[in-house]
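Next come the chains, spelled out residue by residue.
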Amino acid sequence: MDDLLSEFLTETAEGLGTLDVELVRLEQNPNDPGLLGNIFRIVHTIKGTCGFLSLPRLEAVAHASENVLGRIRDGQLLVTPVAISLILSSLDRIKMLLATLEATEAEPEGNDIDLIDQLNAFAEGRLTALEAAAAEAAPAPPPPPPPPPPPPPPKVEAASPVAARAESPAPEPVAPPPPARASAPAPVPVEVPAELKESAVAASNIRVNVDLLENLMTMVSELVLTRNQLMQILRSQKDSEFAVSLQRLSHVTTELQEGVMKTRMQPIGNAWAKLPRLVRDLSLELGKKIDLQMKGAETELDRQVLELIKDPLTHMVRNSGDHGIEKPVDRIMANKPETGTIVLNAYHEGGHIIIEIGDDGRGLATDKIKAKALQNGLATEAELAQMPDQQVYQFIFKAGFSTAAAVTSVSGRGVGMDVVRTNIEKIGGTIELKSALGRGSTFVIKIPLTLAIVSALIVECAGERFAIPQISVIELVRAAAGTETQIERLNGTPVLRLRDRLLPLVALETLLRLERPNDVKPETFIVVAQVGNYSFGIIVDRVFDTEEIVVKPVSPILRDIAMFSGNTILGDGTVIMILDPNGIAAATGEMMGGDTRAVEQAAKSTAKGHQRTSLMIFRAGEGGPKAVPLALIARLEEIDRSEIEYTNGKPVTQYRGKLMPLVPIDGAGPIPKDGRQPILVFSDQNRSMGLLVDEIVDIVEDALNIELGSERPGLVGSAIVAGRATDLVDAGYYLMQAFDDWFGTAQDAEYGGMDRAKRVLLVDDSPFFRNLLTPLLSVAGYEVSAVESANRALDLQEAGEEFDIIISDIEMPGMNGFEFAETVRAAGKWRNTPMVALSSHATPQDLDRGREVGFTDYIAKFDRDALLNTLSATLSLHRGVV
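Read on for a plain summary of the structure. (Residues numbered from 1 in each chain as written. Predicted model: local features only at pLDDT ≥ 70, side-chain atom pairs only at ≥ 80, totals over all residues. Heavy atoms only, no water.)

1. What about the overall build of the protein?
Assigned secondary structure in the protein consists of 28 helices and 35 strands. Put simply, the protein has 882 residues, and 47% of those count as buried. A fraction of 68% describes how many contacts in the protein between residues 6 or more apart in sequence connect residues 24 or more apart. Accessible surface, the protein as shown: approximately 43500 Å² in total, 52% of it carbon and sulfur. (Helix = DSSP H or I, 4+ residues; strand = E, 2+ residues; numbered from the N terminus. Buried < 20%, exposed > 50% of the residue type's maximum accessible area, 1.4 Å probe, protein only. Contact = heavy atoms within 4.5 Å. Areas by Shrake-Rupley, 256 points an atom, 1.4 Å probe, with all protein chains shown as cover.)

2. Describing the nonpolar core
Formed by 42 residues in total, the largest nonpolar core has its most connected members in M316, I355 and I447. Among all residues touching I355, those that are not within four sequence positions of it are I268, I309, L313, N345, A346, F443, V444, I445 and I447. (Core = buried A, V, L, I, M, F, W, Y, C linked by side-chain atoms within 4.5 Å.)

3. Some words on helix α18 (residues 417–426)
The set of residues buried in α18 consists of M417, D418, V420, R421 and I424. Viewed end-on, α18 has its buried residues packed into an arc of 160°, placing them on one side of the element. Positive phi appears at G428, one or two residues downstream of α18, with a value of about 80°. (Arc of directions from axis to C-beta.)

4. Side note on the sheet that holds strand β16 (residues 542–550)
Through backbone hydrogen bonds, the strands of a sheet pair up, either in parallel or in antiparallel fashion. In space, the five strands of this open sheet follow the order β16-β8-β9-β18-β17, with mixed pairing throughout. A single partner strand is all that each edge strand has here, and the edge strands are β16 and β17 (564–569). Taking each pair of neighbouring strands and ignoring which way they run, the sheet shows an average axis angle of 35°. Pairing geometry for strand β8 (residues 453–461) and β16, over seven bridges, is antiparallel. Of the residues in β16, the one forming a bridge with S455 is E548. (Pairing = 2+ DSSP bridges. Axes fitted to C-alpha atoms, helices over the stretch in contact; angles between N-to-C directions.)

5. Comments concerning a nonpolar patch on the surface
Side chains of L636, I696 and I699 sit close together on the surface and give an oily, nonpolar patch of about 220 Å² of accessible area. Checked against the element boundaries, I699 lands in strand β27 (residues 695–703). (Patch = residues over 30% accessible without salt bridge, like charges linked within 9 Å, V, L, I, M, F, W, Y side chains within 5 Å. Salt bridge = Lys/Arg side-chain N within 4 Å of Asp/Glu carboxyl O.)

6. Examining the side chain of D580
As for its position among the elements, D580 is in the loop between β18 (575–579) and α20 (581–587). No salt bridge is formed by the buried D580. Its closest oppositely charged neighbour is R421, at 11 Å. When near neighbours in sequence (up to four residues on either side) are disregarded, D580 contacts A562, M563, F564 and S565. (Lys, Arg positive; Asp, Glu negative; His and termini not counted.)

7. What to know about the sheet that holds strand β32 (residues 783–787)
Within the open sheet, the five strands sit side by side as β32-β31-β33-β34-β35. Their pairing is parallel. The open sheet has two edge strands with one neighbour each: β32 and β35 (857–860). Adjacent strand axes in the sheet meet at a mean angle of 20° when their direction is disregarded. Inspection of the sheet shows strand β33 (residues 805–809) paired to strand β34 (residues 835–839) by four bridges, in the parallel sense. The residue of β34 that forms the bridge with D809 is L838. Docked against the sheet, helix α25 (residues 790–798) engages β31 (759–763) and β32, running at close to 150° with respect to β31.

8. Side note on the pattern of salt bridges
All told, the structure shown has 20 salt bridges when counted by the stated rule. A salt bridge links D112 to R93, with the shortest nitrogen-to-oxygen separation between them at 2.5 Å. Highlighted residues: D112 in the loop between α4 (81–104) and α5 (113–123) and R93 in helix α4, separated in sequence by 19 residues. Classification of R93 as buried rests on a relative accessible area of 1%. Taken together, the shared-partner salt bridges in this structure form one network comprising R57, R93, D112 and D114.

9. A few points about the side chain of S320
With respect to the element layout, S320 can be found in helix α13 (residues 303–324). By relative accessible area, S320 is classed as buried at 2%. Excluding its chain neighbours within four sequence positions, the residues that come into contact with S320 are I325, I342, I357 and D359.

10. Here we look at a negative patch on the surface
The grouping of E819, E822, D848 and E852 at the surface amounts to a negative patch. Elements represented by at least two residues in the negative patch include exactly α26 (817–826) and α27 (844–853). Along the chain, E819 turns up in helix α26. A relative accessible area of 36% places E819 in the partly exposed class. (Charge placed at Lys NZ, Arg CZ, Asp CG, Glu CD.)

11. Observations concerning the environment of R619
Relative to the helices and strands, R619 is located in strand β19 (residues 612–619). Owing to a relative accessible area of 30%, R619 belongs among the partly exposed residues under this scheme. Residues R619 and T726, 107 residues apart in the sequence, show an inter-C-alpha distance of 10.0 Å. With residues up to four places along the chain from it excluded, the contact list for R619 reads G624, P625, V693, D694, E695, V697 and R724.

12. Comments concerning the packing of aromatic side chains
In this structure the tally under the stated criterion is two aromatic pairs. Centre to centre, the rings of F397 and F443 are 6.4 Å apart; their planes meet at 85°, and the pair counts as edge-to-face. Remark: F443 occurs in strand β7 (residues 440–448) and F397 occurs in the loop between α17 (389–393) and α18; sequence separation between them is 46 residues. The two residues F397 and F443 agree in class, both being buried. For the ring pair F803 and W830, a centre distance of 5.8 Å and an interplane angle of 75° mean the geometry is edge-to-face. With F803 in the loop between α25 and β33 and W830 in the loop between α26 and β34, this pair connects stretches of sequence that are 27 residues apart. Each member of the pair, F803 as well as W830, is classed as buried. In this structure, R73 is placed above the aromatic ring of F40, and the distance from its NZ or CZ to the ring centre is 3.9 Å. The aromatic ring of F397 is capped on one face by R421, whose charged end is 4.1 Å from the ring centroid. (Phe/Tyr/Trp six-rings, centres within 6.5 Å; stacked < 30°, edge-to-face > 60°. Lys NZ or Arg CZ within 6 Å of the ring centre and 35° of its normal.)

13. What about the pairing of strand β6 (residues 430–436)?
On any regular strand, side chains alternate: one points to one face of the sheet, the next to the other face. Most of β6 is tucked away: six of the seven residues are buried. As judged from the seven bridges shared by β6 and β7, these two strands associate in the antiparallel manner. In the strand pairing of β7, L433 is matched with F443. Between β6 and β7, which pair antiparallel in sequence order, lie three residues; one of them, G438, sits at a positive phi of approximately 85°.

14. Quick notes on the pairing of strand β23 (residues 650–655)
Relative to β23, strand β22 (residues 645–647) runs antiparallel, the two being bridged by three bridges. By the bridge assignment for β23, E645 is matched with V652. Taking the residues between adjacent antiparallel strands as the criterion, β22 and β23 are bridged by two residues, where N648 takes a positive phi near 55°. Sheet topology note: the β23/strand β24 (residues 658–664) ladder contains four bridges and is antiparallel. Bridge pairing in β24 places T653 opposite M660. Between β23 and β24, which pair antiparallel in sequence order, lie two residues; one of them, R656, sits at a positive phi of approximately 55°.

15. Examining the packing of α13 against α18
Pairs of packed helices are described in terms of their axes, by the angle between the two and the distance that separates them. In the contact formed by α13 and α18, the axes pass within 9 Å of each other and the chain directions differ by 145°. The handedness of the crossing between α13 and α18 is left-handed. Of the residues in α18, those touching α13 at P312, H315, M316 and N319 are M417, V420, N423 and I424. Considered class by class, the residues forming the contact of α13 with α18 number five nonpolar, three polar and no charged. (Left-handed = near helix turned anticlockwise from the far one by under 90°. Nonpolar A, V, L, I, M, F, W, Y, C, P; charged D, E, K, R; others polar.)

All quantities given are derived from atomic positions and should not be read as evidence of function.
Next up, the structure:
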């Protein structure tokens, strides 16, 4: 049965049961307006729900009953036995219809015009004489006179409502009134079934007081604490005779906990119920066309959490409608549909609830936000100039911040988003904002399923243990001096270089002013946490296990400390504090810049020196170690030197059924005859070349900062790699040594007889990358022109040069890649030329910015396959469009 129908049957059966009792009380107390009002509200609700569910027969009976009650409520009719009997007869008819509806999930055929006519006649005052006759026929002192016999009604079986329906599609328990009803000598009695069977659906549901559920959840929480303590004892006494019983107790406790949690769960659609009306009113008030789409309304979460997020959701939807969605005329001018869309989406992810509120409106204007932030004194011009867009967006969460030009009934007072963030963080959640100018904005809220019992990571710092909710923990890193995960300092701020980016760190010991019992600290762990879009590391001494903890409220004396969100009791009985990553981020300045600005500034000032890539380190020929980007190497091979043959005086070997040229590094001596030979294999399509080396040393990931150029063929220059001076090999030079016609043949194979190779413009300020990518692209069949700056590229545009595709670096001095793309798209003959961005910082924000300014695609440097595949796909798509 449909959930909505099941809920309707349950609530209606409950309402009808209440009406049976209340109507009898009303007959005894006809002057009780409160009692009459409650009866009217219940009947009105039943009628409205029937109309909503498209149940016309039930709605008609309830509507006629409501008419009678409305006249009584307005004082136009009196509460009499006939009135009560008529209302009760209508309730009995509703019960019979509900019985068939429950059995067949559809209303029975037929109508109830007989009963409805009587109800309407009474409401219109046409049964006054009958009512008087009924009053005269009321019981008198004994012996009472027998009442006059009623007109014979049609006979109805009393076995069950469903059986009655089977015999007659439209049962007639109420006799139809004769034409001259007003002068009838007796009241209209109603024959109803002797017994109506209770709804099975209603019997399977009960209503429980919320306080009772809260108390039950509290007791389960205490049981979980006791379970944790017992399991702690069991871990210390593995051979205990109670092991089996305690394991069983643990399983039962877990099942009980899950069961109680389910009783508190409600669909998030309950919190969305008022939003369609809100959006409708808002669209009329603002003169906009807005379509509200709701997905995942059946997603369930704890009722306590549900109540706390209703207001934030309401405000964010209003915010999207007011600030986000444009007026129809503006949307048409921007080549958008005149109707804007607001999308609500909810789903489970990793034990949490993710709620997305997105719109396809104008997006956030960073220039307006910066101007307002400067006006409010939240940042200086220099600081704003260094901030990425994602950091600028965070100003909208500041109290009193608004970019609205005027105060209206909808917005402009600067109140709202700061409260939204505060309310979400109070329940241990996070809020993230994504926006693209002209394309819209999306808020992403991540909240726990429940507030009572959460999963947490137990850590230790300075001898004290703490719990960190797992909702905010991304990963754990062990830091050690002399390794890639060692802690460094930039402008006095501790940082960790983690996968090509700088991660700001905060020492928990310093933040909480803890006193270390001794100076011995054998290990350092970093808990990488995320709050919204910001990631940072918390330095701790030890990391234990994760544990299901029961959240207890913070003591009043500690409520002003934002770093704590509560406390809990561990299995060994120890009381520990629960850390709040949101509070830690705010306390250390992470949320709105703070020390992060210094880190980001340092990162930008050294960006060119810290572009990291995977390098193959090897030894060959004269001099020290040599390196080549790992992405260019197809395979590492080691062959027996006896397999090396010579053709035309050049070494070759049989490799995968074909002859593969072997090219030695310049300056290398003759190839030894004995032993095994390491080879770096470079492949493209069906051609391969092996670079002979003496020894493969290692694969490292390091910065490429060419400090010394080289005029020697085969070398790009020298750099410090893994702490040693290393020669960077020009792979293209040795590719050309394999065959004299390597490039020409590759072009023919790539294009299969096309008139010409596609022309590629490569814009990169680094000689290394130009020398690296030029042969790579040439091998793939492209005609490459490489320039060192965006200004030099624009000179080619003015000179009338034409290219099929443009590849541009993003991080360039002077005019960067984003500015270059905007200039190209603004005017000139290249404005429709596909453009591909290259960067070592391919974050989602960079991708959005790249597409916003006009790049067709955005890929990471040194990703050889991605570059070639992207060029091929982009050119194919462009040919189809043109």
